[in-house]
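# A closer look at the structure
This is what each chain is made of:
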Amino acid sequence: MEQVNSQVLYAVIILYSIITGLYLSRYQINCIKKEHPTKFGKRLMLVSLPLLLVLVLNDSCTDFYSYVRIFNMSSFESLYTTNEEIGWIALNALLKLITTDGVIAINILRGLTFALFVLAIYKMQRFVDVGWSWIAFVCMGYFNILSMVAFMMAVAFVLLACTNLIAKKYKLMLFELTLGVLMHYTAVIPVAMFILFFVCYGYPYTRKLFVAISVGGAIIIALLSRYIFVAVASNIPFLNKYLGYGLYSSSGTGLRQIAYYFPIFVCLYFAAYNSKNRVMTFSFIIALVGFTVGICSYSINNLKRTYLFFIFLYIAFLPALILNQETYKWRRNVFANDKAGTGVIGIVPFTSGSFKFLVLVYLVYRAINLLSSEWATLYSSGFSEFHFLF
(Lines give C-alpha, C1' and ligand atoms only; values in the text may rest on other atoms or scores of the structure.)
Protein backbone atom coordinates (compact mmCIF):
# COMPACT_ATOMS: atom_id res chain seq x y z
CA MET A 1 0.00 0.00 0.00
CA GLU A 2 1.64 3.23 -1.18
CA GLN A 3 1.42 6.31 1.05
CA VAL A 4 1.54 9.92 -0.14
CA ASN A 5 1.49 13.07 1.96
CA SER A 6 -2.04 14.37 1.66
CA GLN A 7 -1.10 18.08 1.66
CA VAL A 8 1.30 17.62 -1.25
CA LEU A 9 -1.25 15.57 -3.16
CA TYR A 10 -4.01 18.15 -2.67
CA ALA A 11 -1.70 20.98 -3.80
CA VAL A 12 -0.79 19.03 -6.95
CA ILE A 13 -4.49 18.36 -7.67
CA ILE A 14 -5.39 22.06 -7.37
CA LEU A 15 -2.48 23.07 -9.60
CA TYR A 16 -3.42 20.39 -12.14
CA SER A 17 -7.02 21.61 -12.24
CA ILE A 18 -5.89 25.20 -12.91
CA ILE A 19 -3.54 24.21 -15.74
CA THR A 20 -6.03 21.88 -17.44
CA GLY A 21 -8.91 24.28 -16.83
CA LEU A 22 -7.09 27.14 -18.54
CA TYR A 23 -6.35 24.82 -21.46
CA LEU A 24 -10.04 23.88 -21.81
CA SER A 25 -11.03 27.54 -21.53
CA ARG A 26 -8.67 28.62 -24.29
CA TYR A 27 -9.85 25.79 -26.55
CA GLN A 28 -13.51 26.72 -26.09
CA ILE A 29 -12.98 30.44 -26.67
CA ASN A 30 -10.95 29.81 -29.82
CA CYS A 31 -13.69 27.53 -31.18
CA ILE A 32 -16.34 30.19 -30.55
CA LYS A 33 -14.28 32.93 -32.19
CA LYS A 34 -13.58 30.78 -35.24
CA GLU A 35 -17.19 29.44 -35.23
CA HIS A 36 -15.92 25.86 -35.00
CA PRO A 37 -17.95 23.23 -33.13
CA THR A 38 -16.48 22.43 -29.72
CA LYS A 39 -15.69 18.79 -29.01
CA PHE A 40 -15.43 18.61 -25.26
CA GLY A 41 -16.31 14.96 -24.71
CA LYS A 42 -12.87 13.42 -25.25
CA ARG A 43 -10.99 16.39 -23.79
CA LEU A 44 -13.01 16.37 -20.57
CA MET A 45 -12.57 12.61 -20.24
CA LEU A 46 -8.79 12.85 -20.68
CA VAL A 47 -8.45 15.80 -18.30
CA SER A 48 -10.62 14.20 -15.63
CA LEU A 49 -9.10 10.70 -15.81
CA PRO A 50 -6.16 11.35 -13.40
CA LEU A 51 -8.46 12.79 -10.75
CA LEU A 52 -10.88 9.91 -11.22
CA LEU A 53 -8.04 7.46 -10.59
CA VAL A 54 -7.07 9.30 -7.40
CA LEU A 55 -10.65 8.93 -6.17
CA VAL A 56 -11.13 5.25 -6.91
CA LEU A 57 -7.72 3.85 -5.97
CA ASN A 58 -7.58 4.69 -2.27
CA ASP A 59 -9.30 3.94 1.01
CA SER A 60 -8.49 7.29 2.64
CA CYS A 61 -11.07 9.49 4.31
CA THR A 62 -12.50 9.87 7.76
CA ASP A 63 -15.76 8.08 6.87
CA PHE A 64 -14.58 5.58 4.28
CA TYR A 65 -15.06 2.48 6.41
CA SER A 66 -18.35 3.80 7.75
CA TYR A 67 -19.57 3.67 4.14
CA VAL A 68 -18.12 0.17 3.85
CA ARG A 69 -20.12 -0.84 6.93
CA ILE A 70 -23.31 0.61 5.41
CA PHE A 71 -22.60 -1.29 2.19
CA ASN A 72 -22.16 -4.57 4.06
CA MET A 73 -25.50 -4.16 5.86
CA SER A 74 -27.40 -2.98 2.77
CA SER A 75 -30.10 -5.15 1.20
CA PHE A 76 -33.48 -4.63 -0.40
CA GLU A 77 -35.07 -6.16 2.72
CA SER A 78 -33.52 -3.44 4.90
CA LEU A 79 -34.80 -0.48 2.85
CA TYR A 80 -37.43 0.51 5.42
CA THR A 81 -35.73 -0.81 8.55
CA THR A 82 -32.60 1.34 8.55
CA ASN A 83 -31.88 4.95 9.44
CA GLU A 84 -29.92 5.48 6.22
CA GLU A 85 -31.43 7.08 3.10
CA ILE A 86 -33.58 4.70 1.07
CA GLY A 87 -31.94 5.61 -2.24
CA TRP A 88 -28.43 5.08 -0.89
CA ILE A 89 -29.33 1.68 0.59
CA ALA A 90 -31.00 0.62 -2.68
CA LEU A 91 -27.95 1.71 -4.70
CA ASN A 92 -25.63 -0.23 -2.39
CA ALA A 93 -27.88 -3.28 -2.62
CA LEU A 94 -27.77 -3.08 -6.42
CA LEU A 95 -24.01 -2.78 -6.30
CA LYS A 96 -23.83 -6.01 -4.32
CA LEU A 97 -24.93 -7.79 -7.50
CA ILE A 98 -21.56 -6.77 -8.97
CA THR A 99 -19.21 -7.06 -5.98
CA THR A 100 -19.33 -7.97 -2.31
CA ASP A 101 -16.07 -6.16 -1.53
CA GLY A 102 -16.97 -3.00 0.37
CA VAL A 103 -13.75 -1.17 -0.50
CA ILE A 104 -14.26 -1.74 -4.23
CA ALA A 105 -17.95 -0.81 -3.96
CA ILE A 106 -17.37 2.54 -2.24
CA ASN A 107 -14.70 3.46 -4.76
CA ILE A 108 -17.13 2.63 -7.57
CA LEU A 109 -19.65 4.97 -5.95
CA ARG A 110 -16.98 7.67 -5.64
CA GLY A 111 -16.24 7.28 -9.35
CA LEU A 112 -19.95 7.43 -10.22
CA THR A 113 -20.36 10.64 -8.21
CA PHE A 114 -17.36 12.19 -9.94
CA ALA A 115 -18.76 11.17 -13.35
CA LEU A 116 -22.08 12.89 -12.54
CA PHE A 117 -20.28 16.17 -11.85
CA VAL A 118 -18.27 15.91 -15.06
CA LEU A 119 -21.48 15.17 -16.97
CA ALA A 120 -23.09 18.30 -15.51
CA ILE A 121 -20.12 20.42 -16.61
CA TYR A 122 -20.26 18.90 -20.09
CA LYS A 123 -23.97 19.69 -20.38
CA MET A 124 -23.33 23.32 -19.40
CA GLN A 125 -20.91 23.97 -22.25
CA ARG A 126 -23.44 26.09 -24.19
CA PHE A 127 -23.52 28.81 -21.55
CA VAL A 128 -20.37 28.49 -19.38
CA ASP A 129 -16.63 28.53 -19.79
CA VAL A 130 -16.04 24.80 -19.28
CA GLY A 131 -12.44 25.25 -18.15
CA TRP A 132 -13.44 27.56 -15.32
CA SER A 133 -16.32 25.24 -14.38
CA TRP A 134 -13.74 22.46 -14.09
CA ILE A 135 -11.49 24.58 -11.84
CA ALA A 136 -14.46 25.57 -9.67
CA PHE A 137 -15.58 21.95 -9.29
CA VAL A 138 -12.14 20.75 -8.20
CA CYS A 139 -11.69 23.62 -5.72
CA MET A 140 -15.23 23.53 -4.33
CA GLY A 141 -16.46 19.96 -4.57
CA TYR A 142 -13.92 17.35 -5.62
CA PHE A 143 -12.25 16.80 -2.25
CA ASN A 144 -15.62 16.35 -0.52
CA ILE A 145 -16.29 13.24 -2.63
CA LEU A 146 -13.52 11.49 -0.70
CA SER A 147 -15.36 11.69 2.62
CA MET A 148 -19.04 12.45 1.86
CA VAL A 149 -19.92 10.12 -1.00
CA ALA A 150 -23.68 9.87 -0.46
CA PHE A 151 -24.06 13.58 0.22
CA MET A 152 -21.97 14.57 -2.80
CA MET A 153 -23.96 12.25 -5.05
CA ALA A 154 -27.07 14.14 -3.95
CA VAL A 155 -25.26 17.42 -4.71
CA ALA A 156 -24.35 16.11 -8.18
CA PHE A 157 -27.99 15.27 -8.93
CA VAL A 158 -29.09 18.74 -7.77
CA LEU A 159 -26.46 20.30 -10.05
CA LEU A 160 -27.72 18.23 -12.99
CA ALA A 161 -31.26 19.35 -12.17
CA CYS A 162 -30.10 22.98 -12.23
CA THR A 163 -28.58 22.41 -15.65
CA ASN A 164 -31.79 20.91 -16.99
CA LEU A 165 -33.85 23.77 -15.58
CA ILE A 166 -31.74 26.15 -17.67
CA ALA A 167 -32.27 23.88 -20.70
CA LYS A 168 -36.05 23.67 -19.96
CA LYS A 169 -35.94 19.88 -19.60
CA TYR A 170 -38.34 19.84 -16.69
CA LYS A 171 -39.16 16.12 -16.54
CA LEU A 172 -35.50 15.22 -16.34
CA MET A 173 -35.04 17.98 -13.77
CA LEU A 174 -37.74 16.50 -11.51
CA PHE A 175 -36.28 13.01 -11.90
CA GLU A 176 -32.82 14.21 -10.86
CA LEU A 177 -34.17 16.17 -7.90
CA THR A 178 -36.01 13.05 -6.74
CA LEU A 179 -32.84 10.99 -6.99
CA GLY A 180 -30.95 13.65 -5.05
CA VAL A 181 -33.46 13.58 -2.18
CA LEU A 182 -33.42 9.77 -2.10
CA MET A 183 -29.61 9.76 -1.85
CA HIS A 184 -29.55 12.31 0.98
CA TYR A 185 -32.65 13.72 2.61
CA THR A 186 -31.10 17.17 3.13
CA ALA A 187 -31.48 17.62 -0.64
CA VAL A 188 -35.05 18.76 0.11
CA ILE A 189 -33.48 22.12 1.01
CA PRO A 190 -32.40 23.15 -2.53
CA VAL A 191 -35.85 22.17 -3.85
CA ALA A 192 -36.85 25.63 -2.59
CA MET A 193 -34.63 27.16 -5.30
CA PHE A 194 -36.65 25.53 -8.05
CA ILE A 195 -40.01 26.41 -6.50
CA LEU A 196 -39.00 30.05 -6.08
CA PHE A 197 -37.77 30.24 -9.67
CA PHE A 198 -41.12 29.15 -11.13
CA VAL A 199 -43.26 31.08 -8.65
CA CYS A 200 -41.34 34.35 -8.47
CA TYR A 201 -39.88 34.72 -11.93
CA GLY A 202 -42.97 34.03 -14.00
CA TYR A 203 -44.10 37.66 -14.02
CA PRO A 204 -42.33 41.03 -13.67
CA TYR A 205 -44.28 42.08 -10.56
CA THR A 206 -43.49 38.85 -8.71
CA ARG A 207 -39.80 39.35 -9.49
CA LYS A 208 -39.90 42.81 -7.93
CA LEU A 209 -41.83 41.51 -4.92
CA PHE A 210 -39.36 38.67 -4.46
CA VAL A 211 -36.38 41.03 -4.52
CA ALA A 212 -38.12 43.37 -2.07
CA ILE A 213 -38.84 40.77 0.62
CA SER A 214 -35.98 38.33 0.09
CA VAL A 215 -33.46 39.92 2.45
CA GLY A 216 -36.01 40.45 5.20
CA GLY A 217 -37.26 36.91 4.72
CA ALA A 218 -33.75 35.54 5.01
CA ILE A 219 -33.28 37.30 8.35
CA ILE A 220 -36.61 36.08 9.71
CA ILE A 221 -35.96 32.48 8.65
CA ALA A 222 -32.48 32.62 10.16
CA LEU A 223 -33.84 33.87 13.50
CA LEU A 224 -36.47 31.12 13.60
CA SER A 225 -34.28 28.41 12.08
CA ARG A 226 -33.67 26.51 15.34
CA TYR A 227 -37.39 26.18 15.99
CA ILE A 228 -38.24 25.33 12.38
CA PHE A 229 -35.56 22.65 12.31
CA VAL A 230 -36.71 20.98 15.53
CA ALA A 231 -40.36 21.04 14.44
CA VAL A 232 -39.67 19.58 10.99
CA ALA A 233 -37.12 16.96 12.11
CA SER A 234 -39.34 15.86 15.01
CA ASN A 235 -42.50 15.39 12.95
CA ILE A 236 -41.08 13.73 9.83
CA PRO A 237 -39.96 10.19 10.77
CA PHE A 238 -37.12 9.76 8.28
CA LEU A 239 -35.61 13.09 9.43
CA ASN A 240 -35.56 12.12 13.11
CA LYS A 241 -31.95 10.98 12.92
CA TYR A 242 -30.76 14.51 12.21
CA LEU A 243 -31.88 15.61 15.67
CA GLY A 244 -29.04 13.49 17.01
CA TYR A 245 -26.46 15.88 15.64
CA GLY A 246 -27.87 18.56 17.89
CA LEU A 247 -28.03 22.33 17.79
CA TYR A 248 -25.16 24.50 18.84
CA SER A 249 -24.42 28.17 19.33
CA SER A 250 -21.47 29.60 17.44
CA SER A 251 -19.37 32.49 18.62
CA GLY A 252 -18.15 35.28 16.37
CA THR A 253 -19.76 37.49 13.76
CA GLY A 254 -20.82 35.02 11.09
CA LEU A 255 -18.96 37.00 8.43
CA ARG A 256 -17.73 33.73 6.94
CA GLN A 257 -21.16 33.29 5.36
CA ILE A 258 -20.72 36.57 3.49
CA ALA A 259 -17.47 35.25 2.04
CA TYR A 260 -19.11 31.94 1.15
CA TYR A 261 -21.96 33.60 -0.71
CA PHE A 262 -20.28 36.69 -2.09
CA PRO A 263 -21.66 36.04 -5.63
CA ILE A 264 -25.01 37.27 -4.30
CA PHE A 265 -23.71 40.82 -4.59
CA VAL A 266 -22.75 40.27 -8.23
CA CYS A 267 -26.04 38.49 -8.84
CA LEU A 268 -28.01 41.49 -7.62
CA TYR A 269 -26.54 43.62 -10.38
CA PHE A 270 -27.01 41.09 -13.15
CA ALA A 271 -30.50 40.05 -12.03
CA ALA A 272 -31.60 43.67 -12.36
CA TYR A 273 -30.38 44.02 -15.95
CA ASN A 274 -30.74 40.46 -17.26
CA SER A 275 -34.15 39.29 -16.07
CA LYS A 276 -34.68 37.27 -19.25
CA ASN A 277 -31.46 35.30 -18.81
CA ARG A 278 -32.24 32.10 -16.93
CA VAL A 279 -28.69 31.55 -15.71
CA MET A 280 -28.64 35.00 -14.10
CA THR A 281 -32.09 34.88 -12.54
CA PHE A 282 -31.68 31.35 -11.22
CA SER A 283 -28.25 32.23 -9.81
CA PHE A 284 -29.80 35.18 -8.01
CA ILE A 285 -32.35 32.90 -6.35
CA ILE A 286 -29.70 30.30 -5.49
CA ALA A 287 -27.55 32.97 -3.87
CA LEU A 288 -30.41 34.21 -1.70
CA VAL A 289 -31.51 30.72 -0.64
CA GLY A 290 -27.90 29.70 -0.08
CA PHE A 291 -27.18 32.78 2.02
CA THR A 292 -30.29 32.14 4.10
CA VAL A 293 -29.35 28.51 4.71
CA GLY A 294 -25.79 29.61 5.45
CA ILE A 295 -26.99 31.96 8.19
CA CYS A 296 -29.20 29.18 9.57
CA SER A 297 -26.19 26.85 9.65
CA TYR A 298 -24.62 29.21 12.14
CA SER A 299 -26.91 27.69 14.79
CA ILE A 300 -27.80 24.33 13.22
CA ASN A 301 -24.86 21.97 12.95
CA ASN A 302 -26.58 19.78 10.34
CA LEU A 303 -26.67 22.58 7.79
CA LYS A 304 -22.97 23.48 7.77
CA ARG A 305 -22.14 21.44 4.67
CA THR A 306 -25.32 22.26 2.76
CA TYR A 307 -23.56 25.18 1.08
CA LEU A 308 -22.49 22.55 -1.46
CA PHE A 309 -26.06 22.32 -2.74
CA PHE A 310 -25.60 25.85 -4.07
CA ILE A 311 -22.41 25.03 -5.96
CA PHE A 312 -24.13 26.08 -9.21
CA LEU A 313 -23.06 29.62 -8.31
CA TYR A 314 -19.43 28.67 -8.72
CA ILE A 315 -19.58 25.95 -11.38
CA ALA A 316 -22.03 27.80 -13.67
CA PHE A 317 -22.67 31.44 -12.73
CA LEU A 318 -19.08 32.70 -12.51
CA PRO A 319 -17.93 30.68 -15.57
CA ALA A 320 -20.93 32.05 -17.49
CA LEU A 321 -19.76 35.58 -16.75
CA ILE A 322 -16.23 34.71 -17.83
CA LEU A 323 -17.39 33.16 -21.11
CA ASN A 324 -19.56 36.18 -21.84
CA GLN A 325 -16.72 38.57 -21.05
CA GLU A 326 -14.31 36.76 -23.36
CA THR A 327 -16.63 36.22 -26.32
CA TYR A 328 -19.26 38.94 -26.07
CA LYS A 329 -18.98 40.38 -29.57
CA TRP A 330 -18.85 36.92 -31.19
CA ARG A 331 -21.80 35.52 -29.24
CA ARG A 332 -24.27 38.39 -29.72
CA ASN A 333 -25.34 37.12 -33.12
CA VAL A 334 -25.12 33.43 -32.21
CA PHE A 335 -27.52 33.82 -29.28
CA ALA A 336 -29.77 36.53 -30.68
CA ASN A 337 -32.75 34.16 -30.88
CA ASP A 338 -31.86 31.87 -27.98
CA LYS A 339 -35.25 30.75 -26.63
CA ALA A 340 -33.67 28.90 -23.71
CA GLY A 341 -32.66 32.21 -22.17
CA THR A 342 -28.95 31.42 -21.90
CA GLY A 343 -27.67 34.05 -24.29
CA VAL A 344 -25.30 36.95 -23.81
CA ILE A 345 -25.54 39.22 -20.78
CA GLY A 346 -24.13 42.58 -19.82
CA ILE A 347 -20.39 42.97 -19.47
CA VAL A 348 -19.05 42.60 -15.93
CA PRO A 349 -17.53 45.81 -14.50
CA PHE A 350 -13.95 44.48 -14.77
CA THR A 351 -11.59 43.65 -17.58
CA SER A 352 -11.61 40.00 -18.57
CA GLY A 353 -8.17 39.36 -17.11
CA SER A 354 -8.82 41.05 -13.77
CA PHE A 355 -12.19 39.33 -13.34
CA LYS A 356 -10.67 35.91 -14.01
CA PHE A 357 -7.85 36.65 -11.59
CA LEU A 358 -10.34 37.57 -8.85
CA VAL A 359 -12.34 34.41 -9.48
CA LEU A 360 -9.21 32.24 -9.41
CA VAL A 361 -8.01 33.79 -6.14
CA TYR A 362 -11.43 33.21 -4.60
CA LEU A 363 -11.68 29.58 -5.73
CA VAL A 364 -8.17 28.75 -4.49
CA TYR A 365 -9.00 30.49 -1.20
CA ARG A 366 -12.11 28.35 -0.83
CA ALA A 367 -10.14 25.17 -1.57
CA ILE A 368 -7.46 26.03 0.99
CA ASN A 369 -10.11 27.05 3.52
CA LEU A 370 -11.90 23.73 3.05
CA LEU A 371 -8.75 21.64 3.34
CA SER A 372 -7.20 23.58 6.22
CA SER A 373 -10.38 23.23 8.25
CA GLU A 374 -10.20 19.48 7.70
CA TRP A 375 -6.53 18.91 8.50
CA ALA A 376 -6.98 18.67 12.27
CA THR A 377 -9.54 15.92 11.69
CA LEU A 378 -7.39 14.26 9.08
CA TYR A 379 -4.37 14.03 11.32
CA SER A 380 -6.33 12.83 14.35
CA SER A 381 -7.87 10.04 12.26
CA GLY A 382 -4.63 8.88 10.68
CA PHE A 383 -5.30 10.55 7.33
CA SER A 384 -2.10 12.60 7.26
CA GLU A 385 -0.83 10.06 4.75
CA PHE A 386 -2.96 9.30 1.70
CA HIS A 387 -3.33 5.53 1.29
CA PHE A 388 -3.43 4.23 -2.28
CA LEU A 389 -4.57 0.65 -2.92
CA PHE A 390 -1.54 -0.35 -4.93
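Above this note sits the structure.
Basis of the calculations
Residues numbered from 1 in each chain as written. Predicted model: local features only at pLDDT ≥ 70, side-chain atom pairs only at ≥ 80, totals over all residues. Heavy atoms only, no water. Helix = DSSP H or I, 4+ residues; strand = E, 2+ residues; numbered from the N terminus. Buried < 20%, exposed > 50% of the residue type's maximum accessible area, 1.4 Å probe, protein only. Contact = heavy atoms within 4.5 Å. Areas by Shrake-Rupley, 256 points an atom, 1.4 Å probe, with all protein chains shown as cover. Core = buried A, V, L, I, M, F, W, Y, C linked by side-chain atoms within 4.5 Å. Axes fitted to C-alpha atoms, helices over the stretch in contact; angles between N-to-C directions. Parallel < 35°, antiparallel > 145°, perpendicular 65-115°, else oblique. Left-handed = near helix turned anticlockwise from the far one by under 90°. Nonpolar A, V, L, I, M, F, W, Y, C, P; charged D, E, K, R; others polar. Patch = residues over 30% accessible without salt bridge, like charges linked within 9 Å, V, L, I, M, F, W, Y side chains within 5 Å. Salt bridge = Lys/Arg side-chain N within 4 Å of Asp/Glu carboxyl O. Expected span 1.5 Å × (residues − 1). Polar contact = N/O pair within 3.5 Å; in protein donor to acceptor, adjacent residues only side chain to side chain. Phe/Tyr/Trp six-rings, centres within 6.5 Å; stacked < 30°, edge-to-face > 60°. Lys NZ or Arg CZ within 6 Å of the ring centre and 35° of its normal.

Time to look at the overall build of the protein chain. Secondary structure assignment for the protein chain yields 15 helices and two strands. Here the protein chain holds 390 residues, and the buried ones make up 54% of them. In the protein chain, the proportion of contacts linking residues at least 24 apart, taken out of those at least 6 apart, comes to 77%. A total accessible area of about 17700 Å² is found for the protein chain, and carbon and sulfur atoms account for 67% of it.

One finds Trp88, Phe137, Tyr142, Met193 and Phe282 to be the most contacted residues of the largest nonpolar core, which totals 108 residues. The next biggest cluster of nonpolar side chains, apart from the first, holds five residues, and it includes Phe229, Ala233, Ile300 and Leu303.

To continue, consider the packing of helix H5 (residues 102–123) against helix H6 (residues 130–147). Axis separation between H5 and H6 bottoms out at 10 Å; the angle between their running directions is 160 degrees. By the angle between their axes, H5 is roughly antiparallel relative to H6. The crossing of H5 and H6 is right-handed. In contact with Arg110, Thr113, Phe114, Phe117, Val118 and Ile121 of H5, H6 contributes Val130, Ser133, Trp134, Phe137, Tyr142, Ile145 and Leu146. Taken together, the residues of the contact of H5 with H6 break down into ten nonpolar, two polar and one charged.

There is a patch of nonpolar side chains on the surface, built from Phe76, Leu94, Leu97 and Ile98 and spanning about 460 Å² of accessible area. Looking at where Phe76 falls in the secondary structure, it is placed in the loop between helix H3 (64–73) and helix H4 (86–95). A residue is classified by how much of its surface remains accessible, and Phe76, at 42% relative accessible area, is partly exposed.

Attention shifts here to the packing of H4 against H5. Between H4 and H5, whose axes approach to 11 Å, the crossing angle comes to 120 degrees. What the angle tells us is that H4 and H5 run oblique. The two elements H4 and H5 meet at a crossing, and its hand is right-handed. Of the residues in H5, those touching H4 at Trp88, Leu91, Asn92 and Leu95 are Ala105, Ile106, Ile108 and Leu109. Looking at the contact of H4 with H5, its residues break down into seven nonpolar, one polar and no charged.

Before going further, it helps to spend a moment on the environment of Ile368. Relative to the helices and strands, Ile368 is located in helix H15 (residues 352–380). C-alpha separation for the pair Ile368 and Cys139, spaced 229 residues apart in sequence, amounts to 8.3 Å.

This paragraph deals with the side chain of Thr163. Among the secondary structure elements, Thr163 is positioned in helix H7 (residues 149–166). We classify Thr163 as buried; its relative accessible area is 2%. When near neighbours in sequence (up to four residues on either side) are disregarded, Thr163 contacts Ala120, Lys123 and Met124.

Next up on the list: helix H13 (residues 278–296). Its 19 residues place the ends of H13 27 Å apart at the C-alpha level, agreeing with the 27 Å of an ideal helix rising 1.5 Å per residue. Buried residues dominate H13, accounting for 17 of its 19 residues.

A word on H5. Look at H5: 32 Å from first C-alpha to last across 22 residues, which is about the 32 Å you get at 1.5 Å a residue. Capping the start of H5, Asp101 holds a side-chain oxygen 2.9 Å from the backbone nitrogen of Val103, two or three residues further along.

This part takes up unusual backbone geometry. In this model, Lys168 sits at a positive phi of 60 degrees, which is unusual for a non-glycine residue. Following the sequence through the fold, Lys168 ends up in the loop between H7 and helix H8 (170–183).

For the rest of this paragraph, the subject is the environment of Glu176. Along the chain, Glu176 falls in helix H8. With 18 residues separating them along the chain, Glu176 and Val158 place their C-alpha atoms 6.6 Å apart. Apart from residues lying up to four places away in sequence, Glu176 is in contact with Lys123, Phe157, Leu160, Ala161 and Asn164. Of note is the side chain of Glu176, whose polar atom sits 3.1 Å from the backbone nitrogen of Ala161.

This part is about the packing of aromatic side chains. Enumeration according to the criterion identifies 19 aromatic pairs in this entry. Relative to Phe143, the ring of Tyr10 has its centre 5.0 Å away and its plane inclined at 65 degrees; by these criteria the two rings are edge-to-face. Here Tyr10, found in helix H1 (residues 6–33), pairs with Phe143, found in helix H6; they are 133 residues apart in sequence, far enough to count as distant. Taken as a pair, Tyr10 and Phe143 share a single burial class, namely buried. Here Phe194 and Phe282 contribute two aromatic rings whose centre-to-centre distance is 5.4 Å and whose plane-to-plane angle is 55 degrees, an arrangement assigned as tilted. A residue pair is termed long-range when its members are at least 10 positions apart, and Phe194 in helix H9 (residues 191–200) and Phe282 in helix H13 qualify at 88 residues. Like Phe282, Phe194 is buried. Here the aromatic residues Tyr10, Phe114, Phe117, Trp134, Phe137, Tyr142 and Phe143 are joined through ring pairs into a cluster of three or more. Residue placement shows Arg43 over the ring face of Tyr27; its charged tip is 3.9 Å from the ring centre. A cation over a ring is seen here: Arg366 above Tyr314, with NZ or CZ 5.6 Å from the ring centre.

Just geometry here; none of it tells us what the structure is for.
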